[in-house]
Amino acid sequence: MTWVFSRSLRDMQLKRPKRLTTVLLSATVLGVNACSPSIGATAPSQVANPGNPPAGAGMPGAAGIGDPDFPKDGNGGYDVDHYALKLAYDPPTQSLSGTASVKAKAVQSLSRFDLDLHGFTVRKVTVDGRDATFTRDGDELVITPSSVIADGTTFTVAVDYAGKPDPVRNSSNLGTYGFIPTKDGAFVTSEPNGARTWFPCNDHPADKATYDFDVTVPAGTTVVANGEMRGAPVTSGGRSTFSWREGHPMATYLATITLGKFDVKTGKTADGIPLYAAVDPTYRRNLDFLYSVSSKVTDYWSKVFGPYPFSSTGGVIDDFAAGYALENQTKPMYGGFDPDESIIAHELAHQWFGDSLSVKRWKDLWLNEGFATYAEWLWSEHNGGATAQATFDDYYADTKAPIWQYPPGVAQPKDLFNGSVYIRGAMTLQALRQRIGDQTFFTLLRTWTDQHKYGNVTTDEFVKLAEKLSGQQLDALFDAWLFKPVRPSQQ
Ligand code: ARG
Ligand code: ZN
């Protein structure tokens, strides 16, 4: 199933007037897979290891972090604190090579542990500077350090690797993602689990970390990564090295090193947040628009959702026709189309909902997409367009829409980005706002972003906070809107 970024497609599906829609939607909303039977439920290796090993022997870390819908994503036994990626990319040969240093803390005594990595030749692995042995098992890079890592210890694993990145192409309804080579460089957007197509990592949003990127490319190529540049690029011998740092915790899928020819505009928003906008020369005409809209949206959301959580904001338009945009931390990416205000409002709302507050399990994705879609409705309301209630009413009137069959509170692994997760997720928030009133509702949004800043969240936590701040019993409302495969009544 291909991904379509198409207002008209979603408009047709939902029989909605054009003005009210944005973002994207998988072309089949009905082709939803039944609840995944948690594919063998990731026997954690602790369970697979029979008998009690002698004290001090350590145990292998699990091959998955424990998300039943994505049993092999992420890993158990440690928590990453920082990734330092020193990489070089050669566009003509599409060769990516270098060293990823992953600083982590053991949360059990570890005899062995995994990183996620797809493809590449691994040349060498060290743990705290000492050679480690390793094997490959699918997307698991299985590492055995020369001695057991004690529980609670901080250690650094350095992986030296090279090869031609192999992004995930047209997988079920998730589209093409990961490190995607383009004519002039690469388009790098990794939701949900494509970070492993360019660096070894604990590839799940439940383990967030800070990042340093040092990326060497042919002179004339620009590297756009998350966070801020650390000084000007250094050029010698026809190659330039760009250094970027994201100093706030970030999920692996939000990391990027997008490469290519770019026109760049930098400055600050009216409220003083540093802003970096970059466009492929094909989209030169959009640079001022991207810059100015990103600026005013960032400042406005900072009032509505709480202080901007990161040290800079911005956006990137590249010419790969991904069919979607992605809220890469501090640098949302727009893949091969002219973004309008609504989608910029959406991707920047994700800086709070998705990036600062990240899902702990992918099934709760409405906490990202429902909120960012609701932000589109708020942006329209703010600008004198349709109110969020009018937008809600239009969707609600369509009694035959496929969103009623897909409960958005349980995003399906093969169709995570279903229109219901976006639209019915947003409708849930409007239903809640109607119920608890504007004042409590907006206090709730700001309390939510404040209490869980840089952390991981679940639907349950949101429901509990909503009930606490409103003093109301809201189970029935959330149950009807998020968890039932039917259109809620009495709205
Ligand atoms: N989170 C992105 C958005 O809201 C969508 C990402 C789609 N990713 C994908 N692999 N198809 O706009
Ligand atoms: Zn989104």
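Residues numbered from 1 in each chain as written. Chains lettered and ligands numbered in written order. Predicted model: local features only at pLDDT ≥ 70, side-chain atom pairs only at ≥ 80, totals over all residues. Heavy atoms only, no water.

Caption draft 1: Inspection of the packing of aromatic side chains at higher detail. What the rule picks out here adds up to 39 aromatic pairs. The interplanar angle of 65 degrees and the centroid separation of 5.7 Å between the aromatic rings of phenylalanine 305 and tryptophan 352 together place this pair among those described as edge-to-face. Of this pair, phenylalanine 305 sits in the loop between helix H3 (287-304) and strand S23 (313-318) while tryptophan 352 sits in the loop between helix H4 (341-349) and strand S26 (358-359); the two residues are 47 residues apart in sequence, bridging distant segments of the chain. By the burial criterion, phenylalanine 305 is buried, and tryptophan 352 matches it. A cation over a ring is seen here: lysine 331 above tyrosine 276, with NZ or CZ 5.5 Å from the ring centre. Its guanidinium or amino end placed over the ring of tyrosine 396, arginine 487 lies 3.8 Å from that ring's centre, counting from NZ or CZ. (Phe/Tyr/Trp six-rings, centres within 6.5 Å; stacked < 30°, edge-to-face > 60°. Helix = DSSP H or I, 4+ residues; strand = E, 2+ residues; numbered from the N terminus. Buried < 20%, exposed > 50% of the residue type's maximum accessible area, 1.4 Å probe, protein only. Lys NZ or Arg CZ within 6 Å of the ring centre and 35° of its normal.)

Caption draft 2: Spotlight on the sheet that holds S23. Read from one edge of the open sheet, five strands run S21-S22-S23-S25-S24, paired in mixed fashion. Edge strands, defined here as strands with exactly one partner in the open sheet, are strand S21 (263-268) and strand S24 (325-326). Here strand S22 (residues 274-279) pairs with S23 via five bridges, running parallel. Bridge pairing links tyrosine 276 to glycine 314 in S23. Sheet strands touched by H3: S21, S22, S23 and strand S25 (333-335). Its angle to S22, the strand with the most contacts, is close to 150 degrees. (Pairing = 2+ DSSP bridges. Contact = heavy atoms within 4.5 Å. Axes fitted to C-alpha atoms, helices over the stretch in contact; angles between N-to-C directions.)

Caption draft 3: Representation of the pattern of salt bridges within the structure. Scanning all chains against the criterion turns up 20 salt bridges. Here arginine 196 ties to aspartate 139 by a salt bridge, and the two come within 3.4 Å at their closest N and O atoms. Of the two residues, arginine 196 is situated in the loop between strand S14 (185-189) and strand S15 (209-218) and aspartate 139 in the loop between strand S9 (133-137) and strand S10 (140-144); the sequence distance between them amounts to 57 residues. Judged by relative accessible area, arginine 196 falls into the buried class, the value being 7%. The partner of glutamate 341 in a salt bridge is lysine 296, and the shortest N-O contact between them spans 3.1 Å. On the criterion of sequence distance, the pair formed by glutamate 341 in helix H4 and lysine 296 in helix H3 is long-range, its members being 45 residues apart. (Salt bridge = Lys/Arg side-chain N within 4 Å of Asp/Glu carboxyl O.)

Caption draft 4: Summary view of the pairing of S10. Within S10, four of the five residues are buried, which leaves it mostly tucked inside the rest of the structure. The pairing of strand S6 (residues 110-116) with S10 spans four bridges and is classified as antiparallel. Bridge pairing in S10 places aspartate 114 opposite valine 142. The pairing of S9 with S10 spans five bridges and is classified as antiparallel. From the neighbouring strand, aspartate 137 faces S10, where its bridge partner is glutamate 140. In textbook terms, the turn of a hairpin is the stretch between consecutive antiparallel strands, and for S9 and S10 this stretch comprises two residues, one of which, glycine 138, has a positive phi near 60 degrees.

Caption draft 5: Local environment of helix H6 (residues 388-397). Every buried residue of H6 is listed here: Ala388, Thr391, Phe392, Tyr395 and Tyr396. All buried residues of H6 fall inside an arc of 135 degrees around its axis, so they share one side. (Arc of directions from axis to C-beta.)

Caption draft 6: Examining the sheet that holds S6 more closely. In spatial order, the strands read S3-S6-S10-S9; together these four strands make up an open sheet with mixed pairing. If you trace the sheet from one side to the other, it starts and ends with strand S3 (59-60) and S9, each paired once.

Caption draft 7: Local environment of the side chain of asparagine 418. Looking at the secondary structure, you find asparagine 418 in the loop between H6 and helix H7 (419-436). Looking at asparagine 418, its side chain comes within polar contact range of the side chain of aspartate 415, at 2.9 Å. (Polar contact = N/O pair within 3.5 Å; in protein donor to acceptor, adjacent residues only side chain to side chain.)

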